[in-house]
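What the coordinates show
Single-letter residue listing:
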Amino acid sequence: MPADEPDRLDLRLGPEDRPTPMRGPARRRPSRDRGRDRHEPSFAAGEDDVAASYRSEERSRRRSGSADETEIMDEDVSERRPRRSRRKGGRPPGGFGRALRRLVYWGLVLSIWAGIAVAGVVVYYGARLPPTSEWAVPKRPANVKIVSADGKLVGNRGDTGGEAVRLADMPPWLPGAVVAIEDRRFRSHFGVDPIGLLRAVAVNLTRRGVSQGGSTLTQQLAKNLFLTQERTFGRKVQEVLLALWLEHEYSKDQILELYLNRVYMGAGAYGVDAAARRYFGKSAREVNPMEAAMLAGLLKAPSRYAPSHDPEKARGRAEVVLAAMVDTGVLTPDQRAMALAQPHMSYARVDNGSENYVADWVMDQLPSWIGAVDKDIVVTTTIDSSLQMLAEAALQAGMAQFGDKKDVSQGAVVSIDPSGAVKALVGGVDYSKSQFNRAVQAKRQPGSTFKPFVYLAAMEKGLTPDTIRSDEPFTYKGWSPKNYEKGFKGPVTLKDALAHSINTVAAKLAVEVGPKNVAETAMRMGITSPLMATPSIALGTSEVTPLEITAAFVPFSNGGLGIVPHIVTRITSADGKVLYARKGSGIGRVIDPVPLAEMNTMLAETLASGTARKAQIPGWPAGGKTGTSQDFRDAWFIGYTGMLTTGVWLGNDDGAPTKRGTGGSLAAVVWQRFMLDAHRGHQAVAIPGSSLPTTIERLAGAPSSADAALPAASATAAPLPTSSRPRPADPATTGSVMRTEERPRGLTDLLGKLFGG
């Protein structure tokens, strides 16, 4: 210390006064850092320079590298360092245990957070669904099952295309095939199959694409019932939630039955019954193991594996399904071998037959009987399934014979029994190409098939089949009708004029009895379309449908009774409750016996010697009338026996002319082909009212042969308003008997009439 500062204290410490290191836990630091971690003494505030001097000395000492001091410190540190535990074998513990503990710890943490995230997602997407109290399986769209009078299926109509079938009514291999190929653990999982999901993920990752799905049948049902087909994460979450709800609310059998009746199976078919009818022409109750396998195979890709589209690919897929059915015990190996032994078949859609025209017509009328259809119903029709097939075959054969030759592209056939029941209805040549029902909806000019109404009006005015009229040039107010054969025959009887379809005579009769009277007569007989009351009405210039003009001929065949053409007799619910039943027998008498017999005589002559000779049915009394519209656009024949009245139309939808196709050369041939087959095996019957009453019967009012042949319903039929009107004798009639509607009553009147009393 300098001498000039005696009053200052020397606080520097000597080696003996240096504090010893504090003992404590050993610190694992590099040797260069040991001095930094040593405890230093505390000094009073204000002694900063002393502390700084101390630290400087310490650093100098460490730099000096004194061996003794270093040794002392190392010993001191070693004394403070705790002994490490040694494992068996004497090796110090490594980092694996510590890493495992950390892995478990962070795994638990991540699991907790993942659970929270999943719960959040479920809550988010679940909140976008309606409240669970409102969850309910939507009603299956109503199906309308239409059957023929003999109980055979005509068609199914509705959004599904088939009826709902109970699981118990299906053959066991049908649901078994679906479960085997789509969801083998269906009976054991809770709506979601984690194993299947993981397998699907693994397969898709391996193949680098979506080749396998992980959805269960329950999930697929939930999607079909409640959700759209979009592929989004949110939709998948909702699908899982709804699948869990379905499993909670319904049994496995109920879920499987719902699925099988709702799943889409291609070609517009929803459910296994619709698909079975579409591809195999049978109910799902009747499919065999191979057909069941094909139906189950459709579920992967309905359009790709449809039997009607690619039979070989459909069969290949079915073989995969059959193998799965053996694996799951649905089939035995022998049953699989029998299924595979079935010959390869060409599967075509079997629902394109003409009966679809019938089904469409039924659906058009259904609301008028029972209103809106909100449940499955069964409609029983008047259709005779065998006659329906015969009518379709006859029309197609006619088209094959005349189509190209005569430039004819379409046709229609309607057949009605004497009560008005429609027994066959074909609305076109090929339903798959055109669903337009020409039999019911197409209005065409009937041509000469309208003439019987003109002649009936004339008979009711007192003319007879033997009345003479002249076939000669005729003009009325600028209108000059021409005959088909261009020539004129001169005086002819009305019977011959109708049989040979002479236009001039028909036009004269229309003017003579009045066009308005002709129109009223036609409407009384059953024509419902508007009619133009002009002289040209005699040549069929007013358009009508095949159905209505055929129905208007029925009174000629049944004894003079008017009918309402009908096709439905009964409608019931699926459980048998009657919703509608047809009542009534018709509208009563529309033709008196005498003019009826006269008309039947003339119309029979048309087949015997007139324009309809090609329509003759050996052994059967028949009548009818051909028709050809202007420029050969339409060819008609309407004919009848005591069993059936049938109408045939041939032509083109666009009204294009045919190559001189006439009713006698085209339509009559189709008509005869159908009627021959339809009457085969039946006993021939007379046409009611086809005989003229004798003179005594007319004078005495006794029942004539015409009256005797009338159906019992005619006894209560109301007489026509004109029945008491006198029928004046025709001065131009030769050889005819003068007739009067005023018939004698009782024996006194009869004797007075005979002897002039």
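Remember, predicted model here, so these are calculated numbers, not experimental data.

In this section: the packing of aromatic side chains. Given two aromatic rings, one states the distance between the centres and the angle between the planes to describe the pair. Summed over all chains, the structure comprises 13 aromatic pairs. Where Y264 meets Y270, the ring centres are 4.8 Å apart and the plane angle is 50 degrees; that geometry is what we call tilted. On the basis of relative accessible area, Y270 is assigned to the partly exposed category, the value being 36%. Measuring from centroid to centroid gives 5.1 Å for F450 and F453, while their planes differ by 75 degrees, and the two rings are edge-to-face. When its relative accessible area of 1% is taken as the criterion, F450 is described as buried. By way of ring pairs, the aromatic residues F450, F453, F553, F556 and Y640 are connected into one cluster.

What follows covers the sheet that holds strand β10 (residues 578-581). Spatial ordering of the open sheet is given by β2-β1-β3-β9-β10, a layout of five strands whose pairing is mixed. The sheet is open, and its two borders are formed by β2 (153-157) and β10, each paired with just one other strand. Taken pair by pair, the neighbouring strands of this sheet meet at an average axis angle of 15 degrees, ignoring direction. Across four bridges, the pairing between strand β1 (residues 144-147) and strand β3 (residues 377-381) is parallel. If you follow K145 over to β3, its bridge partner there is V378.

We now examine the environment of W135. Examined against the element boundaries, W135 turns out to sit in the loop between α4 (96-126) and β1. Note on W135: relative accessible area 15%, which makes it buried. Remark: the alpha-carbon pair of W135 and L246, spanning 111 residues in sequence, is separated by 9.7 Å.

Even without being glycine, K477 reaches a positive phi, approximately 50 degrees. Positionally, K477 belongs in the loop between β6 (468-471) and β7 (490-493). Under the relative-accessibility criterion, K477 is labelled exposed at 74%. Of note in this structure, D631 is not a glycine but carries a positive phi near 60 degrees. Summarising the element assignment, D631 is placed in the loop between β12 (623-628) and β13 (634-640).

Here helix α19 (residues 503-513) lies mainly inside the structure; nine of its 11 residues are buried. Within α19, burial applies to N503, T504, V505, A506, A507, K508, L509, A510 and V513. In the segment just after α19, G514 is the residue with positive phi, at about 100 degrees.

In sheet architecture, strand pairing relies on hydrogen bonds along the backbone and comes in two forms, parallel and antiparallel. One open sheet holds the five strands; their spatial order is β5-β4-β14-β13-β12, and the pairing between them is antiparallel. The open sheet has two edge strands, β5 (422-426) and β12, and neither has a second partner. The mean inter-strand angle of the sheet, taken between neighbouring strand axes irrespective of direction, is 5 degrees. In the sheet, strand β4 (residues 410-416) pairs with strand β14 (residues 645-651) via seven bridges, with the strands oriented antiparallel. If you follow S415 over to β14, its bridge partner there is T646.

Let us now look at the nonpolar core. V379, F453, Y455, F556 and M599 are the most contacted members of the largest nonpolar core, which has 71 residues in total. Those residues within four positions of F453 in sequence are excluded, and the remaining contacts are T521, A522, M525, I527, I549, A552 and F553.

Further remarks concern helix α12 (residues 311-327). The terminal C-alpha atoms of α12, which comprises 17 residues, lie 24 Å apart, in line with the 24 Å expected from a rise of 1.5 Å per residue. Among the residues of α12, A314, R315, R317, A318, V321, L322, A324 and M325 are the ones counted as buried. On its buried face, α12 sits against α5 (173-182), α11 (289-298) and α13 (333-340). Two residues or fewer past α12, G329 is found with a positive phi of approximately 85 degrees.

Now for the environment of V511. Turning to its location among the elements, V511 is positioned in helix α19. Its relative accessible area of 28% is what places V511 among the partly exposed residues. Separated by 24 residues in the primary sequence, V511 and P535 place their C-alpha atoms 5.8 Å from one another.

About the cut-offs
Residues numbered from 1 in each chain as written. Predicted model: local features only at pLDDT ≥ 70, side-chain atom pairs only at ≥ 80, totals over all residues. Heavy atoms only, no water. Phe/Tyr/Trp six-rings, centres within 6.5 Å; stacked < 30°, edge-to-face > 60°. Buried < 20%, exposed > 50% of the residue type's maximum accessible area, 1.4 Å probe, protein only. Pairing = 2+ DSSP bridges. Helix = DSSP H or I, 4+ residues; strand = E, 2+ residues; numbered from the N terminus. Axes fitted to C-alpha atoms, helices over the stretch in contact; angles between N-to-C directions. Core = buried A, V, L, I, M, F, W, Y, C linked by side-chain atoms within 4.5 Å. Contact = heavy atoms within 4.5 Å. Expected span 1.5 Å × (residues − 1).

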